[in-house]
Structure formats: C-alpha cells, structure tokens
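So the chains spell out like this:
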Amino acid sequence: MTNDFAYLGIRDLARMLRSGETTPVALAESAMDRLETVGRRLNAVVTMTRERALAEARQAQAELAAGHDRGLLHGIPYGAKDLLATAGIPTTWGAAPLRDQVFDYDATAIVRLQAAGAVLVAKLAMVELAGGMGYEQPNASLTGPGINPWNENAWSGGSSSGSGSAVGAGCVPFAIGSETWGSIVTPASYCGIAGLRPTYGRVSRHGAMALCWTLDKLGPLARTADDCGLVLGALAGSDPLDPTTIATPWTYRASLPERLRLGVLREGLEAAQPEVQESFQTSLETLAELGTLEDAQLPDLPYADATSIILQVEAAAAMEDLLEKDLLKDLTAPEDRAGGYAGSAIPAVDYLRALRIRRHARAALAEVFQRYDALVSPTTDLVASPLDLRFRDYAANRRGSPIGAAGNLAGLPALSVPNGFGERGLPTALQFVGAAGSENLLLALGAAYQERTDWHGRRPGI
Amino acid sequence: MAGEQNGAPDGLAQSMRAIVEARYPGRLGDETGARVEKRIANLAEAIWRLRSYRLSNADEPDQTFRAEDRA
C-alpha cells in the first residue's frame, strides 16, 4: 500500500471508503504495489491475485456506491496464507513440489471473506507444508526464508511467515494464517502485529491444507486486536463441509468481566531474553489497571509430548500421498525431506494414548479457567532468530513455557499483541490465552491493552 | 509428572525403524535416513514418557465418533 494507506487499520480504511477519500480499487492497487515491492523483498508473496482482486474491488466499489454495504471489511484488501484453496489460482502449500497445484474451488474462509466484501490481493508465503515436516531453520519454503520487516537479517516466523511480514510491513491491513502449534502467534509476535488463534472449530478448515486434523486452526493476523475481531467475525461459523466446526454462531462483541482475573504464567520466564522479561513485566503493570493479577501454574501434564505425537501421526497420515510418491525429497529444507516417515511408525496405541491424555489436559485446563478469566505470558521467549542460524542454536537449550503446547492441545484461543522491542530492534509480544470460546474476552483484553500502549502503532523503517 | 521416567528401550526405536523401512523401502539409506533415525529416537522418548502417565480403562480418547447422520 502507498504510505497514505499502509499501516492503517480496518476501521480507518472503512471510514475512508465511505467518505470518498479512497476507493476499493485504489486500496487494492496500492496494496498490490506494496506487495510487489516490499512484500517480494521480504519473501512474503507466493502469487499475486491481481485479476481476482480487481474484479472483487470493482464489485465492492459498485456495491458501496449503490448503498449495498456488506460491513467493515467491504472493499478492504487482504492476503491469504498459501494453504487456502483458491479456484484457478495456484495453492502451493509453500512446497516446491506443489508449485503448480491448482484447486477448482475456494476454501470456506475465502468464501466467507468474499461474502463480507473483502478483496483478496495475494497468496502469501509460508513454511513448506506448514512446518509439519520438522524444519529447523528459516530457509524452508519455496519462496525462501520469510524476512522480518523490522530487521531484514531476521526471520518473520512460521509457519504463517508471509501473513506476518505482509501485515507487519504495511502491505495489507490483515491476512489469514493457520496454526497447528504456534504458526499464528509466533509470526505475529516476531513481526510486531496482532495475531488471533481462535478456538479449535471456530473457523472452518474446509479447503485449507490439512496438517493435523485435530490441531489445525485458521485465524487472522492484523494491526490490532480489534481488527482481528472484525476479521474473525466474518470467518467464524459452522460449516457443513467441516464437521468439526462449532455449531454455535459467533459474533464479535468484545467485553471484559467486571472483575477481571488474570493468571500470570512465569514458568520458563527466567530463560527468556532479558528484554522479553522486561517487556512482560512492564505489560503486567499496565494489565494491573484492568484487573487482578495472580501467579498461575499449569497443571503438570505432558502437553508437549502429547501434542507432538498427535501432530506427527496425523501429519504422516495427511501427507501420506506425498510420502508415497516420494515428493518430500524436493522440499527446500533438507530436514523437511525426512518429515513424515517417523510419524508413520508411531504405534496406534500410543497415538490413542496421546488422545486420552488430551482429554485430561482439556479438563485440567478448564479448571484453571474457573480461577482465571485468562492466562498471560510472553508469546515467545526470544525475538525473531537471525536468518542464518538454526533455531536450536539460537534458542541455546532454553525451555520455554508449556502454554503453547497446552493451548493447542486443548484447542484454546490465544491472542498475541506487541509489547516492546528486544535485541536487534525486533518486537517482543504478550499473549492472552483463554478458555475455549473466550475470543471476545481475549479481544477485549487486547484492545484494552492497546488503548493503554502504542506498540501496535510503531512502524518498521522499511 | 507422577511416574515420569526417561530412556525408551532400544527395541522401540528399532521397531519403528523397521516399520518405516517396510513401508517406504530404500528411503533410509542416506542423509535423509539419518535424520529419520534421529526423529524416531526422539519420538520413541516421547512415547515412553507418555506411557508413564497413568490412565485407566475409563479414559477414552478425546475424539467422538457419532453414528447419526449429521449431513
């Protein structure tokens, strides 16, 4: 987007569209211009959807001019992680051997955003096969490593790399990402933007690449918590094409309880980078204005092991076709070429054991949310890693909080918002994790935090 | 975690390797094979740790099969 529009939130852009200050076509053109220049430089783009974008933008323009207003997303450009099927447009799953894959239908998420009048301008880069093959360093995509808008020698995070950097660089006001285990909140954290991982089943997965049927979630990355809420409002809802979707309708209506109780997770915090710790401590002082804070601990359960077994088995099954055809050998990251095989050898009884433990985890975490409205922790212990380092070498054996594994295992929503800066000028972030179905509370928390801080208003010098 | 123990028996990883070899013949002989072996070893450890978590006959998997037609 040109500097006139880059970094503006959805409400500002919607107001400008209705006041005549701009048009959907002008917004789409400026988003595509910025994606072609800045976005390409950050390896954030797989495919520009110019023809479709202009058709959707022209339609939005005509409808708005005729008084047919579909809501705040009407005429707003966005990008979609390249694991969402789009009719007639390549959907690569970030994987070189699938660079020519084309579906003849749109994913439900794309259909719903189109119904809301949003304009798809690009398919955005991602870690190949959503990171499920075990990548160990940033160069694991057919488009190259995702580059961070705050520091071009740093990674943008994964697996929704392009969604994070395109929003972070002001190319699009929002993007759709997916999370199996960390793939929305991590790039949101690294790129200094908001990212919402919805409750499992809140958003239909139909038409999205399956990595792990019982862990995959789709959700928005955007400038603010409020923008995430607006986008989720369009995405959410049951879908007969995805039987795991939640039947209860969801409406974006952010609200905080009168007596807000926040549980502070400190496990692993001592191993976080000093700036991450400092940002978190400062955030807690801000959050103390909103409610009571109390140190909390997660019940002692093997969250990471259970999540890992479920993920490895389901990924091996979901990618069986690629394994059978020996297509993984053409993936970008050498370590990804070994993906899937080990998972295919996990005994069924041990997969079921992980699913049995998952039930315990869900129950135990539900009890935690009897005591707290939400849990709060740093989103990541480290800022984005340098492009040329293996994650293991950068992390240096740090053992972080189990909340990422626990939250994903139990299908819980999480919202990440920026809360400062760390080494090499890279963003730090704070996450709120809530009970299943608590997105409105998390979004209200994020909005209240962002009303009191200006981290989300900072712009990278790109 | 109650009952936690470390160190999966070698036989578990060896059995898993045999399954991979049988299912995908000829894929374990090179650099990729070495990576697969390492992952198998890591997963075997994870499996072993999960096996130390106590479950009863009443503990069902967290997935629900329904026989009714929901279409």
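Let me sum up the structure you'll find in this document. This is a predicted model, so every value here is computed, not measured.

1. Quick notes on the nonpolar core
All names here are of chain A.
Then, number 1: By size, the foremost hydrophobic cluster in this structure holds 162 residues, and its most contacted members are Tyr78 and Val121.
Then, number 2: Ranked by residues supplied to this core, first place goes to helix α9 (residues 303-318) with nine residues.
Then, number 3: The residues touching Val121, leaving out its near neighbours within four places in the chain, are Ala28, Ala31, Met32, Leu35, Thr49, Ala53, Pro77, Tyr78, Gly79 and Val172.

2. Structural notes on the pairing of strand β10 (residues 291-296) of chain A
Two faces, one strand: in a regular strand the side chains alternate between the faces of the sheet.
Residue and element names in this part refer to chain A.
Then, number 1: Pairing of strand β9 (residues 260-265) with β10, which is carried by six bridges, proceeds in the parallel orientation. Residue pairing in the sheet places Val264 in a bridge with Asp295 of β10.
Then, number 2: Each parallel crossover has a hand, and for β9 linked through helix α8 (residues 274-287) to β10 it is right-handed.

3. Re the packing of helix α2 (residues 24-41) of chain A against helix α3 (residues 50-65) of chain A
Residues and elements named next belong to chain A.
Then, number 1: One way to put it is that α2 packs onto α3 with a least axis distance of 8 Å and a crossing angle of 155°. Here α2 lies roughly antiparallel to α3, going by the angle between them. Considering how the two elements wind past one another, α2 and α3 form a crossing that is right-handed. Where α2 approaches α3, its residues Pro24, Val25, Ala28 and Met32 are matched on the opposing element by Arg50, Ala53, Leu54, Ala57, Arg58, Ala60 and Gln61.
Then, number 2: In terms of residue class, the contact of α2 with α3 is built from eight nonpolar, one polar and two charged.

4. Here's the deal with unusual backbone geometry
Residues and elements named next belong to chain A.
Then, number 1: Note the cis peptide between Gly158 and Ser159, where omega equals 10°.
Then, number 2: Relative to the assigned elements, Ser159 resides in the loop between β5 (151-155) and α5 (161-168).
Then, number 3: Of note, the phi angle at Tyr7 is positive, near 75°, even though the residue is not glycine.
Then, number 4: You can see Tyr7 is positioned in the segment before α1 (10-19).
Then, number 5: Judged by the 19 C-beta atoms lying within 10 Å of it, Tyr7 is partly exposed.
Then, number 6: Positive phi values are uncommon outside glycine, yet Asp326 reaches one of about 60°.
Then, number 7: Positionally, Asp326 belongs in the loop between α10 (320-324) and α11 (348-371).
Then, number 8: Among the residues examined, Asp326 registers 13 C-beta atoms within 10 Å and is labelled partly exposed.

5. Description of the interface of chain A and chain B
Quite often, the size of an interface is put as the accessible area lost when its parts meet.
Then, number 1: Each partner contributes to the interface: chain A provides 31 residues, whereas chain B provides 27 residues.
Then, number 2: Mapped by element, the contributors of at least two residues to the side of chain A that touches chain B are α9 and α11 of chain A.
Then, number 3: Of the residues forming the side of chain A that touches chain B, the biggest block, 10 residues, is contributed by α11 of chain A.
Then, number 4: Looking at the side of chain A that touches chain B residue by residue, the classes come out as 16 nonpolar, five polar and 10 charged.

6. As for the packing of α11 of chain A against helix α2 (residues 31-51) of chain B
Then, number 1: Two elements in contact, α11 of chain A and α2 of chain B, have axes separated by 10 Å at closest approach and are oriented at 55°. Comparing their axes, α2 of chain B and α11 of chain A come out oblique. The chirality of how α11 of chain A crosses α2 of chain B is left-handed. Across from Asp350, Arg353, Ala354 and Ile357 of chain A in α11 of chain A, the residues of α2 of chain B making contact are Ile47, Leu50 and Arg51 of chain B.
Then, number 2: Taken together, the residues of the contact of α11 of chain A with α2 of chain B sort by class into four nonpolar, no polar and three charged.

7. A word on the sheet that holds strand β13 (residues 427-434) of chain A
Residue and element names in this part refer to chain A.
Then, number 1: Read across the open sheet, the 11 strands follow the order β1-β3-β2-β6-β8-β7-β12-β13-β11-β9-β10; overall the sheet is mixed. Of all the strands in the sheet, the pair left with one neighbour each is β1 (45-48) and β10. Within the sheet, the average angular offset between the axes of one strand and its neighbour, ignoring direction, is 30°.
Then, number 2: Looking at chain direction, strand β7 (residues 194-197) and strand β8 (residues 217-222) are connected through two bridges and run antiparallel. Looking at β8, one finds that Ala194 is bridged to Ala222.
Then, number 3: Packing against the sheet, α2 makes contact with β1, β2 (77-81) and β3 (119-124), and its axis sits at approximately 10° to β3.
Then, number 4: The strands touched by α3 are β1, β2 and β3; relative to β3, the strand with the most contacts, the crossing angle is about 160°.

8. Structural notes on the pairing of β5 of chain A
Residue and element names in this part refer to chain A.
Then, number 1: Here strand β4 (residues 147-148) runs beside β5; their pairing, made up of two bridges, is antiparallel. Looking across to β5, one finds that Asn148 is bridged to Asn151.
Then, number 2: The turn joining β4 and β5, which pair antiparallel and follow one another in sequence, is formed by two residues.

9. Some details on α2 of chain B
Then, number 1: The terminal C-alpha atoms of α2 of chain B lie 30 Å apart, and with 21 residues this matches the ideal 30 Å at 1.5 Å per residue to within 8%.
Then, number 2: Taken residue by residue, α2 of chain B has Arg35, Val36, Arg39, Ile40, Leu43, Ala44, Ala46, Ile47, Arg49 and Leu50 of chain B as its buried positions.
Then, number 3: At its buried positions, α2 of chain B is contacted by α9 and α11 of chain A together with α1 (10-23) of chain B.

10. Let's talk about the environment of Asp100 of chain A
Residue and element names in this part refer to chain A.
Then, number 1: Among the structural elements, Asp100 can be located in the loop between β2 and α4 (108-115).
Then, number 2: Under the C-beta neighbour-count criterion, Asp100 is labelled exposed, with 7 such atoms within 10 Å.
Then, number 3: Measuring from C-alpha to C-alpha, the distance between Asp100 and Ile89 comes to 9.3 Å, with 11 residues separating the pair along the chain.

Parameters at a glance
Residues numbered from 1 in each chain as written. Chains lettered and ligands numbered in written order. Predicted model: local features only at pLDDT ≥ 70, side-chain atom pairs only at ≥ 80, totals over all residues. Core = buried A, V, L, I, M, F, W, Y, C linked by C-beta atoms within 7 Å. Buried ≥ 20, exposed ≤ 12 C-beta atoms within 10 Å, placed from the backbone. Helix = DSSP H or I, 4+ residues; strand = E, 2+ residues; numbered from the N terminus. Contact = placed C-beta atoms within 7 Å. Pairing = 2+ DSSP bridges. Right-handed = clockwise from strand over helix to strand, strands pointing away. Axes fitted to C-alpha atoms, helices over the stretch in contact; angles between N-to-C directions. Parallel < 35°, antiparallel > 145°, perpendicular 65-115°, else oblique. Left-handed = near helix turned anticlockwise from the far one by under 90°. Nonpolar A, V, L, I, M, F, W, Y, C, P; charged D, E, K, R; others polar. Expected span 1.5 Å × (residues − 1).

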